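Residues per chain, in single letters:
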There are 10 protein chains.
Amino acid sequence: MAGRKDEDLKDLSLLGSQGTNYSFDYDPAVLETFDNQHPNRDYFVKFNCPEFTTLCPKTGQPDFATIYISYIPDEKMVESKSLKLYLFSFRNHGDFHEDSVNIIMNDLIELMTPRYIEVWGKFTPRGGISIDPYCNYGKPGTKFEQMAEQRLFNHDLYPEKIDNR
Amino acid sequence: MAGRKDEDLKDLSLLGSQGTNYSFDYDPAVLETFDNQHPNRDYFVKFNCPEFTTLCPKTGQPDFATIYISYIPDEKMVESKSLKLYLFSFRNHGDFHEDSVNIIMNDLIELMTPRYIEVWGKFTPRGGISIDPYCNYGKPGTKFEQMAEQRLFNHDLYPEKIDNR
Amino acid sequence: MAGRKDEDLKDLSLLGSQGTNYSFDYDPAVLETFDNQHPNRDYFVKFNCPEFTTLCPKTGQPDFATIYISYIPDEKMVESKSLKLYLFSFRNHGDFHEDSVNIIMNDLIELMTPRYIEVWGKFTPRGGISIDPYCNYGKPGTKFEQMAEQRLFNHDLYPEKIDNR
Amino acid sequence: MAGRKDEDLKDLSLLGSQGTNYSFDYDPAVLETFDNQHPNRDYFVKFNCPEFTTLCPKTGQPDFATIYISYIPDEKMVESKSLKLYLFSFRNHGDFHEDSVNIIMNDLIELMTPRYIEVWGKFTPRGGISIDPYCNYGKPGTKFEQMAEQRLFNHDLYPEKIDNR
Amino acid sequence: MAGRKDEDLKDLSLLGSQGTNYSFDYDPAVLETFDNQHPNRDYFVKFNCPEFTTLCPKTGQPDFATIYISYIPDEKMVESKSLKLYLFSFRNHGDFHEDSVNIIMNDLIELMTPRYIEVWGKFTPRGGISIDPYCNYGKPGTKFEQMAEQRLFNHDLYPEKIDNR
Amino acid sequence: MAGRKDEDLKDLSLLGSQGTNYSFDYDPAVLETFDNQHPNRDYFVKFNCPEFTTLCPKTGQPDFATIYISYIPDEKMVESKSLKLYLFSFRNHGDFHEDSVNIIMNDLIELMTPRYIEVWGKFTPRGGISIDPYCNYGKPGTKFEQMAEQRLFNHDLYPEKIDNR
Amino acid sequence: MAGRKDEDLKDLSLLGSQGTNYSFDYDPAVLETFDNQHPNRDYFVKFNCPEFTTLCPKTGQPDFATIYISYIPDEKMVESKSLKLYLFSFRNHGDFHEDSVNIIMNDLIELMTPRYIEVWGKFTPRGGISIDPYCNYGKPGTKFEQMAEQRLFNHDLYPEKIDNR
Amino acid sequence: MAGRKDEDLKDLSLLGSQGTNYSFDYDPAVLETFDNQHPNRDYFVKFNCPEFTTLCPKTGQPDFATIYISYIPDEKMVESKSLKLYLFSFRNHGDFHEDSVNIIMNDLIELMTPRYIEVWGKFTPRGGISIDPYCNYGKPGTKFEQMAEQRLFNHDLYPEKIDNR
Amino acid sequence: MAGRKDEDLKDLSLLGSQGTNYSFDYDPAVLETFDNQHPNRDYFVKFNCPEFTTLCPKTGQPDFATIYISYIPDEKMVESKSLKLYLFSFRNHGDFHEDSVNIIMNDLIELMTPRYIEVWGKFTPRGGISIDPYCNYGKPGTKFEQMAEQRLFNHDLYPEKIDNR
Amino acid sequence: MAGRKDEDLKDLSLLGSQGTNYSFDYDPAVLETFDNQHPNRDYFVKFNCPEFTTLCPKTGQPDFATIYISYIPDEKMVESKSLKLYLFSFRNHGDFHEDSVNIIMNDLIELMTPRYIEVWGKFTPRGGISIDPYCNYGKPGTKFEQMAEQRLFNHDLYPEKIDNR
Ligand SMILES: [Ca+2]
Ligand SMILES: [Ca+2]
Ligand SMILES: [Ca+2]
Ligand SMILES: [Ca+2]
Ligand SMILES: [Ca+2]
Ligand SMILES: [Ca+2]
Ligand SMILES: [Ca+2]
Ligand SMILES: [Ca+2]
Ligand SMILES: [Ca+2]
Ligand SMILES: [Ca+2]
Ligand SMILES: [Ca+2]
Ligand SMILES: [Ca+2]
Ligand SMILES: [Ca+2]
Ligand SMILES: [Ca+2]
Ligand SMILES: [Ca+2]
Ligand SMILES: [Ca+2]
């Protein structure tokens, strides 16, 4: 066993770099990957992202959410600083809550072709009602496809207590 | 990928409109839908609705609840502002807790013909006892019918702690 | 869809009535039912009852518990004010915690012949130890009999944190 | 020492009565009092009222709040069932949050002439911001006038955590 | 320094005794005291009593509360098992919440003549509103009289969050 | 007593209006006021604003905070929808956390000349450390000036538990 | 239905008795049973025991834990006061955490031959790490043997948050 | 500024030593001190001790508490490992809760002659009631004597919520 | 049944020893085992480790996590003090979060050849996003291999609420 | 009003810079300041630092704490990235908990000469006891000197609940 060597990290342009350019226009091209060092093992990585904001497509009013992303990597893994920049790129972008969550998952599938992935958005209320979309995906033709269906069927049997305060 | 275009939103009469008319008489006709942009995917949408109030059918006393609605859309999705107006329409209406929850689910099935839907009401106590009805539904003849039974059979194995304070 | 009509409620002698007589001697006869308006659907109703008190059969000392009752109705449903009076009737009655929970479930099965029912009592400690009995029941010869066994087998995998404070 | 005697309770028309009439138009006349049995002592009574709802005066949209009322009685005390009916009378009434809280306090001062009283409303958010007004009062020319100023000056040094969920 | 000797405990008839007789009729005579071993020091003792129940004087319905009692002893201290029996004696007794709290404090003043004492009752809701009375007392003509006024003037600046669940 | 009349509301251009224009450039001119209907009384109004975001002046990275604003009005009160728009105007604006909080307070003093006001910002961490600035103000030459100093001297004696999760 | 009769309780030597002798040397002989009155039903009984202490076998330092015991009775049930005395008997006894939990379960199996039983110990940290052993058992050759394996395989998928404070 | 040098630590016989001898008989002689390196400054040190256990002087039953000790040092400070051993020495010792807390404070005053000290014990319930004694002390003839009285007069205005679970 | 005998403990070089040498360079050789005394039973042992810190491999900045380790022992069990030293050895070591968790599990498999093991790391955020990797393992060719897959497929259906505070 | 201009930020060598050098040897020289833009106002800035670690001076074992730093600036303010690096510099440094907190405060006084400052450390337990030192300071000869004494005298009247889990 050994830690990451410098050569393992040489493709990461963003981590630890100076003068990061923050784009607030939707931009999936900012996403970067590094190699999974444990490809023979199925394991989970979760990103907790409580600082997500976008715009309502009709009213232009800012919306806020916490986004939870969990995935089982295949060969590639998303680098977390690039994920941060990607999520920032929704800042001045407008979409329904239900669409944002699907788009984030689609872009990460495109990037990493993970074995499994799920995205759960928990938004703050408008007009007293809050909306929490959840989508998931398992690689077609693998056991992860069944896994995705099983997890969807058992999704959120215990909704968290919400009182808008 | 792209955000919602204006033409996708043109059927929504309520969102962002001025002079909304709040009806406090039960009225399922106020519900509106928009198109599901991800119909090839099974995914969940949850509405947290902690501002629900209705009347006791026998005593006329106001009742209060938090309503949690989760569904897997088929072709149509309920627009959240119209859902707000629909739930407001129970304000001066009288029904048992067990009936309100079933009625809400019936109206949303009628509106959207979702693949799956569930509604959980958590009411405040009267006489020291509170009542929490839960119902669900999967489209008959599909795998979602089995999903509904499976979720009912595993419903609420861990009741939340209640002390009336 | 319509709310409960007066004729649906005419058999309920207790709800909204004046001069309720509170009996503190065990009395299952006080329980009343009303008709299930959604008998074609399997759905849950839960009662949260944090104001339950009885007596220790040997020492006579009062015991206190929160009782959670969940059931899937068949044709009849227990009216909540009558349930309150029934639970009050344990006030000056003596039984072990394990027996009270079984007796409550037996009486409700006798009253309603529900498809499924479960009762969980969570008592306060005596001598530093608290006792939480749980029993359940599915109508024999139906799928609810298997449901009951499945729920028992998966009961309380995550005991709540208890520190006696 | 003795419990309340029947003659002490004979002026209470609402408590335990049948056929209570719930008015949803603002009506301070519904408030009733009973005599303070401990008038030589300064002591506090608090009402926790988490089921308060009114209407926005401009949009007509329902608003929801928890109202906390604390007072030191003089000769008269407000009966809690009449307080419930009074708070219900805001149900179809329109006012700004800041005004509702002041009006409730004014009506209770008019009713009871308490030595001290305070009212704190905690509303759910609209547009992502929630509003919590607080007012108080001490009988002019008594030490309670200074008490009111002291409590206002020390009000809410530790705002509760709010995240709109 | 030494632990309590047997002779210090010989007046306690209830602690550790067999066959305790639980009276459910109001009975302050059951209270017992023991000697304060640290009379030269002003210090606090608090009793947390979450298992208090009494009856509504008008409807006869059981009421439930947590009672918090804090005092600074003078020469005598109330023995905790006798306090338990005293609180049990309210079980079949009827009084308004505001009166119960004052009566408990009066009886403990009569028993112990403490330097300072306060009693706070936190009841469960009836009709959606819960009532929390608080009273206190400092020995007249001592600094504890001013202490009582100071504590009353600063009482409960931060009401706990109540949602009736 | 009476609710707000239409004439009281006629100066509010934003509340309930259609087509609100959301500006994301710092703009205090968007703030609007309405008249205080209780100017003879000193009372508090608090705004809970958990959806505040701005930019780091040096790195351009988005920052997130919950802003708590509490004030005692004099003649004018800030309208909450205009406050929302004002806070939105920091969205693409860069300032240190310590400066944002002071600027918000300065703008509200300029707008309302309140008797007392305080602003507390609670930001999310960067590099493992989070920053919470707090400022307050009392009208010079009034008792509120002393009130402000007293509150500053007693500020935050109990820092909330922070673990960055 | 009836409560426990005196004859049902005559074998219990400890409950309500005077002069209990507390042994702090490991002693499983102190355990007592009473008859299960509902032997035709499979149901759970849980004991919450947050006052468990033992000694480290190597250092002699006291260890502290909360022990959760859940079982499905067969013919016999452990009496709770005898369980308290049994757990007290570990007070001056030394064993590894992993062993204590297995020993408690072995002794209760020996005593009651339950259909199913599980024991979960949650200890406080030493050197910054805390240890939580969990064991379970189903009667060999019955469905409860499979139940035990199923519960072990699903054990603690959601570890509670621990921060050593 | 510099860290502790070896010579500063040479009087500490217990910290980091092997073969510590745990005495379970009350023994204040085990307490050790080290020198305060900041004697010109008044500052607080708090010990959180959730693993305290002793015996009831009359029944012999174990009692459990969390002990909080806060003090302002003068010249000497109590070493924490010796404090641990001292608190362990109550393990097989019998005293009333009210006495244990006073004894601990007396012993620490004797040891350190602190400028100020307070001890708060929070015990688990017996018979449904828990007892929390609190005592404090300021060096006579100094400002800390007034500080002690001021803190006692303001002690525990917000009793923590207790439900015995 | 009997406690651990001295001979059972004689191979443990670290527990209770003086002069422990803390290495902050990655060193799996520090791990020690003792014999499982219950090898015929499948049972879980969990270690809660909230004091884990390592370095970012690219920036050198310290990272912090809580590590949860759960396993079913075979013949050997890891001694907890050696586990503490092992985890300390990551202190000045650099690796990605995803790698640290896999390395810890690999080393424990190498050490103990457990029947089953899982490791969950929950790190604090960098740039507003926190990362929680989870891996598990069942002995190949046994039922524990299926158990591992089943637990992975059901992993973390309820992500904990994260708000970076 | 205006945001920070580039010239205001030109003395900050660390914020946003590349290739930060993390020193793990105690080094107060790393601290940097920027100018207070609101020097005419007394206001608070708080830093929440949950990622603090140091070494025990006698055993060499790592210690962990959350550090809360609050101050009222005079002319200079500490830059938060430099504060992070300063706190990192304790990583391989040994001191008693009581000393670390005093040293941090001394260094920040030396750096900024603030009007007021306080530092509170909350450490994790060793041997079952955790230690929380708190110190504060007001500029001698100003009102902040009295403020410091007042805050010390009112420090931590409500110790947080600690159970070592
Ligand atoms: Ca809203
Ligand atoms: Ca008890
Ligand atoms: Ca919240
Ligand atoms: Ca909430
Ligand atoms: Ca009620
Ligand atoms: Ca609540
Ligand atoms: Ca509650
Ligand atoms: Ca936190
Ligand atoms: Ca948090
Ligand atoms: Ca420890
Ligand atoms: Ca914790
Ligand atoms: Ca509790
Ligand atoms: Ca508890
Ligand atoms: Ca961060
Ligand atoms: Ca420890
Ligand atoms: Ca804790």
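Residues numbered from 1 in each chain as written. Chains lettered and ligands numbered in written order. Predicted model: local features only at pLDDT ≥ 70, side-chain atom pairs only at ≥ 80, totals over all residues. Heavy atoms only, no water.

(A) How the structure looks around the relation of the copies chain A and chain I. Overlaying chain A on chain I yields an RMSD of 0.0 Å, the required transformation being a rotation through 72° with an accompanying axial translation of 0.0 Å. The transformation just described matches what one would write down for a five-fold rotation axis. Within chain A, A:Tyr158 has its C-alpha nearest the rotation axis, a separation of 7.1 Å. The two copies present different faces, since only 10% of the interface residues in chain A are matched by interface residues at the equivalent positions in chain I. (Least-squares fit on C-alpha atoms with pLDDT ≥ 70 in both. Contact = heavy atoms within 4.5 Å.)

(B) Focus on the coordination of the calcium ion (ligand 6). The calcium ion (ligand 6) binds to the protein through B:Arg165 (O) and E:Asp163 (OD), with metal-donor distances spanning 2.2 to 2.3 Å. If you look at the calcium ion (ligand 6) and the calcium ion (ligand 7), they sit 3.2 Å from each other and are both ligated by B:Arg165. Residue B:Arg165 is found in the segment after α4 (143-153), and its partner E:Asp163 is found in the segment after α4 (143-153); the two belong to separate chains. Given a relative accessible area of 10%, B:Arg165 falls into the buried group. Judged by relative accessible area, E:Asp163 falls into the partly exposed class, the value being 22%. (Donors = N, O, S within 2.8 Å, 3.2 Å for Na, K, Ca; no water. Helix = DSSP H or I, 4+ residues; strand = E, 2+ residues; numbered from the N terminus. Buried < 20%, exposed > 50% of the residue type's maximum accessible area, 1.4 Å probe, protein only.)

(C) Fine view of the UniProt feature "active site" (unreviewed entry) in chain A. Residue and element names in this part refer to chain A. Those places that UniProt annotates as "active site" (unreviewed entry) correspond, in this numbering, to Cys56 and Asp63. Among the structural elements, Cys56 can be located in the loop between β2 (44-55) and β3 (62-72). Those residues in contact with Cys56 that lie beyond four places of it in its chain are Gln61 and Asp63. Looking at the element boundaries, Asp63 is found in strand β3. Apart from residues lying up to four places away in sequence, Asp63 is in contact with Phe52, Thr53, Thr54, Leu55, Cys56, His97, Phe123 and Arg126. (UniProt positions renumbered as here; feature names shortened; annotations may be inferred.)

(D) Up close: the UniProt feature "binding site: substrate" (unreviewed entry) in chain A. All names here are of chain A. As recorded in UniProt, the feature "binding site: substrate" (unreviewed entry) lies at Val78, Glu79, Ser80, His97 and Glu98. Of the residues just listed, which span 21 residues, the most distant C-alpha pair is 24.8 Å apart, and they do not cluster in one region. Position of Ser80 among the secondary structure elements: in helix α2 (residues 80-88). Of the residues examined, Ser80 reaches a relative accessible area of 25% and is grouped as partly exposed.

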